[in-house]
Amino acid sequence: MMQRMAAMMLTGCLGAAGSPLWAAEPVELSTRVSGVVETVWVKPGQQVKKGTALLRLERTILQAQLAEATAELARARADAGEARRERERAQELYKRTVSSTSELDAALLVDARAQATLGVAKARSAIAQKNLQDAVLKAPFDGVVKAVPGGPGTVVTAECQPKPLIVFSPQ
């Protein structure tokens, strides 16, 4: 609910009968991922432009998760390539009536599983990359930093109600 309200305030679409109302109230910002605040680049009263980096979480774990996902993706690609070659070989042998239907079916199943595993590995890699990017909190619009309650060392738990790290308002 709070996220929806913040999004509506950011887009300026709160108001009676659909009339626009620009966000005049401060917006509490936090990161989408969990971690520990490493660096804060802004101070209260500072004016910033949309997209300005405000703070960054410590990234060691997120970088390790990305490396793990990248390795998993490489393995899944290799397995999928091998399964595809084995499927093609089984199809050729079946055409020549050298192998049975059950051997072809087994190769098709291994190929389908390898393709599914590859899809999962691609998704995990994309998520890990996005999580690493989201370790940097950026200004959602031009505005003024009102407060910085989340200094270096602050623990952020994104799964629960996240602690506000920056209180921000439009100019």
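Residues numbered from 1 in each chain as written. Predicted model: local features only at pLDDT ≥ 70, side-chain atom pairs only at ≥ 80, totals over all residues. Heavy atoms only, no water.

> Hey, could you run me through the sheet that holds strand 5 (residues 136-138) in this one?
What links the strands of a sheet is backbone hydrogen bonding, and the strands pair in either a parallel or an antiparallel sense. A sheet is described by the order of its strands in space; here 4 strands give the open sequence 5-4-2-7, paired in antiparallel fashion. Bordering the open sheet on either side are strand 5 and strand 7 (155-156), each of which pairs with just one other strand. With 3 bridges joining them, strand 2 (residues 35-40) and strand 4 (residues 53-57) adopt antiparallel strand pairing. Counted as the bridge partner of threonine 39 is arginine 56 from strand 4. (Pairing = 2+ DSSP bridges. Helix = DSSP H or I, 4+ residues; strand = E, 2+ residues; numbered from the N terminus.)

> What exactly am I supposed to notice about the sheet that holds strand 6 (residues 143-147) here?
Taken together, the 4 strands give an open sheet; going across it, the order is 1-8-6-3, and neighbouring strands pair in antiparallel fashion. Across the chains shown, the open sheet's two edge strands, defined by having one partner strand only, are strand 1 (27-29) and strand 3 (47-48). Relative to strand 8 (residues 166-170), strand 6 is paired through 4 bridges, and the arrangement is antiparallel. Following the sheet pairing, valine 145 is matched in strand 8 by phenylalanine 168.

> Would you take a moment to explain helix 2 (residues 60-95) for this structure?
What sets the pattern is the α-helix's 3.6 residues per turn: residues three or four places apart point alike. Taking 1.5 Å of rise per residue, 36 residues should cover 52 Å, and helix 2 covers 52 Å from first to last C-alpha, within 8% of that figure. Among all positions of helix 2, only Leu62, Leu66, Ala69, Leu73, Ala76, Ala80, Gly81, Ala83 and Ala90 are buried. Looking at the buried residues of helix 2, the elements they touch are helix 3 (101-133). Phi turns positive one or two residues past the end of helix 2, at threonine 97, with a value near 55°. (Expected span 1.5 Å × (residues − 1). Buried < 20%, exposed > 50% of the residue type's maximum accessible area, 1.4 Å probe, protein only. Contact = heavy atoms within 4.5 Å.)

> Is there a simple way to think about the packing of aromatic side chains in this case?
Each aromatic ring pair is summarised here by two numbers: the centre-to-centre distance and the angle between the ring planes. One pass over the full model with this rule turns up 1 aromatic pair. When the centroid spacing of 5.1 Å and the interplanar angle of 50° are considered together, the rings of phenylalanine 141 and phenylalanine 168 count as tilted. Of this pair, phenylalanine 141 sits in the loop between strand 5 and strand 6 while phenylalanine 168 is found in strand 8, placing the two residues 27 residues apart along the sequence. For phenylalanine 141, a relative accessible area of 13% translates into the label buried. Classification of phenylalanine 168 as buried rests on a relative accessible area of 0%. (Phe/Tyr/Trp six-rings, centres within 6.5 Å; stacked < 30°, edge-to-face > 60°.)

> I tried to follow the nonpolar core on my own but got confused; where do I start?
Side chains of nonpolar character tend, in soluble globular proteins, to be buried together. In this structure, Leu29, Leu54, Leu57, Leu137, Leu165, Ile166 and Phe168 are the most contacted members of the largest nonpolar core, which totals 23 residues. Once residues within four sequence positions are removed from consideration, leucine 54 is found in contact with Leu29, Val40, Trp41, Val42, Val48, Leu137, Lys138, Ala139 and Ile166. Counting 7 residues, the second largest nonpolar core, distinct from the first, contains Leu73, Ala80, Ala83 and Ala114. (Core = buried A, V, L, I, M, F, W, Y, C linked by side-chain atoms within 4.5 Å.)

> What is the right way to read the pattern of salt bridges from this model?
Where side chains of opposite charge bring their charged atoms close, a pairing between them can arise. Counted under the stated rule, the structure contains 9 salt bridges. Salt-bridge contacts for aspartate 134 lead to arginine 32; the nearest nitrogen and oxygen are separated by 2.4 Å. Of this pair, aspartate 134 sits in the loop between helix 3 and strand 5 while arginine 32 sits in the loop between strand 1 and strand 2, and the two are 102 residues apart along the sequence. For glutamate 72, the salt bridge identified is with arginine 124, shortest N-O distance 3.0 Å. Note that glutamate 72 is positioned in helix 2 and arginine 124 in helix 3, a separation of 52 residues in sequence. With a relative accessible area of 47%, arginine 124 lands in the partly exposed category. (Salt bridge = Lys/Arg side-chain N within 4 Å of Asp/Glu carboxyl O.)

> Explanation requested: the environment of serine 125 in the structure shown.
As for its position among the elements, serine 125 is in helix 3. Classification of serine 125 as buried rests on a relative accessible area of 14%. Separated by 59 residues in the primary sequence, serine 125 and leucine 66 place their C-alpha atoms 6.4 Å from one another. Apart from residues no more than four positions distant in its own chain, serine 125 is found in contact with Leu66, Ala69, Thr70 and Leu73.

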